[in-house]
Amino acid sequence: MENLKNKTAVITGGNSGIGYAAAKQLKEQGVNVIITGRRKEAIEKAALDLGVTGITADQSNISDIEKLAEQVKADFGSVDILFINAGIAGLGTIEQTTEELYDNIMNVNLKGAFFTLSKFIPILKDGASVVFLSSNTASMPGPGSSVYSASKTALNSVMKSAAVELAPRKIRVNSVSPGPTQTEVMKKVGLDESTVKSIMDVVVEKVPLKQMGKAEDVAKMVSHLSSDAAVFITGADFIMDGGMILV
Ligand SMILES: NC(=O)c1ccc[n+]([C@@H]2O[C@H](COP(=O)([O-])OP(=O)(O)OC[C@H]3O[C@@H](n4cnc5c(N)ncnc54)[C@H](OP(=O)(O)O)[C@@H]3O)[C@@H](O)[C@H]2O)c1
């Protein structure tokens, strides 16, 4: 396997979807895992189910990020794996997009991700792995998701700067960019199940492999990037979208 035993991992947004799957896989490999999320009950339930540490912290709130880093430092000392995964989707044309929607998306996906890395740098171990959860839409912006796509494109740029800044400490920084993946993210936008299903049916038609991605597959990539097998990989973005970006 990936030889991650006894490492410490912080995963933002670990109570559902990709973050939950990553927490499960890392825990199974002997990693001490800390997950975060906004909803107290959801994070407590996920932490209990997974047998990991759960901390309620809003990634869009800098004071929450600082408190999170302080608590992790006090309880675990340092961090080997930082998976900055928490993010929200948001739909709307540029004409329809309100300042509130713009700020909500940017504050979680870009500003919050940026300051999570920033505030954790002092407690990252030399040789640590940082992975940002981006999206294939960072490289293929389309109608109706301009703010979301922009948040992820900017995140990829931050990832590359961070890879160079942190290289002297042998800290590697990469991103994973899934295409449509089966999680709760679209339901949280406020769409009902049948609307999500019809959107996804249309999206899947655009995927050459004709299927949705699985959270577990993205989690495997995160494990791999966090392991010694990826020791020479930094500043790279891994698109996992069944070939969608090609057509
Ligand atoms: N699913 C896809 O098709 C897809 C494709 C490309 C990229 N992504 C990206 O993948 C990442 C994970 O999403 P997912 O698909 O796994 O969706 P998900 O099931 O909705 O999971 C998102 C996680 O992030 C947490 N989160 C959201 N806002 C937060 C905040 N302000 N502070 C702390 N935690 C927060 C959620 O916790 P709460 O519910 O408690 O807020 C939840 O644990 C996101 O960055 C998303 O943009 C997803």
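Computed from a prediction, not measured in an experiment: that's the story for all the values here.

> Just give me the short version of the overall build of the protein, but keep the residues and values in it.
Along the protein, the regular secondary structure elements total seven helices and nine strands. Its C-alpha radius of gyration of 17 Å places the protein within 12% of the 18 Å reference for a compact globule of 247 residues. On the principal axes, the C-alpha backbone points of the protein span a range of 45 × 35 × 35 Å. The contacts in the protein between residues at least 6 apart in sequence include a share of 71% that link residues at least 24 apart. Averaging the locations of the 25 positively and 27 negatively charged side chains of the protein gives two centres separated by 5 Å.

> I'd like to hear about the packing of aromatic side chains, residue by residue, with values.
Scanning all chains against the criterion turns up one aromatic pair. Ring geometry for phenylalanine 114 against phenylalanine 115: centres 5.0 Å apart, planes inclined by 75°, an arrangement best described as edge-to-face.

> Mind laying out the site of the ligand, listing which residues take part and the relevant values?
Of all residues adjacent to the ligand, which total 31 residues, the nearest are Ser16, Asp58, Gln59, Tyr148 and Thr183. Take asparagine 15: an N or O atom from its side chain is 2.9 Å from an oxygen atom of the ligand. Glutamate 184 places a polar main-chain atom, nitrogen or oxygen, 3.4 Å from an oxygen atom of the ligand. Protein burial of the ligand: of its 880 Å² of free accessible surface, 97% is covered by the chains.

> Please set out the packing of helix α3 (residues 62–76) against helix α4 (residues 99–120) residue by residue, giving values where relevant.
Two elements in contact, α3 and α4, have axes separated by 9 Å at closest approach and are oriented at 30°. For the element pair α3 and α4, the recorded crossing hand is right-handed. Where α3 approaches α4, its residues Ile62, Ile65, Glu66, Leu68, Ala69 and Val72 are matched on the opposing element by Lys111, Gly112, Phe115, Thr116, Lys119 and Phe120. For the contact of α3 with α4, a count of residues per class yields seven nonpolar, two polar and three charged.

> Describe in detail the environment of valine 79, supporting the description with residues and values.
By the element assignment, valine 79 lies in strand β4 (residues 79–84). The spatial distance from the C-alpha of valine 79 to the C-alpha of phenylalanine 120 is 8.2 Å, given a sequence separation of 41 residues. Discounting chain neighbours no more than four positions away, the residues touching valine 79 are Thr8, Val10, Val72, Phe120, Ile123, Leu124, Lys125 and Ala128.

> So, the pattern of salt bridges: which residues are in play, and what are the values?
In this structure the tally under the stated criterion is eight salt bridges. For lysine 197, the salt bridge is made with aspartate 201, and the minimal N-O distance between the two is 2.9 Å. In this pair, lysine 197 and aspartate 201 are both assigned in helix α6 (residues 193–205), four residues apart and thus about one turn of the helix distant. Judged by relative accessible area, lysine 197 falls into the exposed class, the value being 54%. Aspartate 217 is the salt-bridge partner of lysine 220, the closest N and O atoms lying 3.8 Å from each other. One end of the pair, lysine 220, and the other, aspartate 217, are both in helix α7 (residues 215–225), three residues apart, so they sit about a helical turn from each other. Owing to a relative accessible area of 34%, aspartate 217 belongs among the partly exposed residues under this scheme.

> Can you break down the UniProt feature "domain: Ketoreductase" (unreviewed entry) in the protein residue by residue, with the values?
Per the UniProt entry, the sites bearing "domain: Ketoreductase" (unreviewed entry) are residues 7–183 in this numbering. Counted over residues 7–183, helix gives 46% and strand 23%. Its end C-alpha atoms are 27 Å apart.

Here is what the cut-offs are and how they apply
- Residues numbered from 1 in each chain as written.
- Predicted model: local features only at pLDDT ≥ 70, side-chain atom pairs only at ≥ 80, totals over all residues.
- Heavy atoms only, no water.
- Helix = DSSP H or I, 4+ residues; strand = E, 2+ residues; numbered from the N terminus.
- Rg over C-alpha atoms; globule rule 2.2 N^0.38 Å.
- Contact = heavy atoms within 4.5 Å.
- Lys, Arg positive; Asp, Glu negative; His and termini not counted.
- Charge placed at Lys NZ, Arg CZ, Asp CG, Glu CD.
- Phe/Tyr/Trp six-rings, centres within 6.5 Å; stacked < 30°, edge-to-face > 60°.
- Near = heavy atom within 4 Å.
- Polar contact = N/O pair within 3.5 Å; in protein donor to acceptor, adjacent residues only side chain to side chain.
- Areas by Shrake-Rupley, 256 points an atom, 1.4 Å probe, with all protein chains shown as cover.
- Axes fitted to C-alpha atoms, helices over the stretch in contact; angles between N-to-C directions.
- Left-handed = near helix turned anticlockwise from the far one by under 90°.
- Nonpolar A, V, L, I, M, F, W, Y, C, P; charged D, E, K, R; others polar.
- Salt bridge = Lys/Arg side-chain N within 4 Å of Asp/Glu carboxyl O.
- Buried < 20%, exposed > 50% of the residue type's maximum accessible area, 1.4 Å probe, protein only.
- UniProt positions renumbered as here; feature names shortened; annotations may be inferred.

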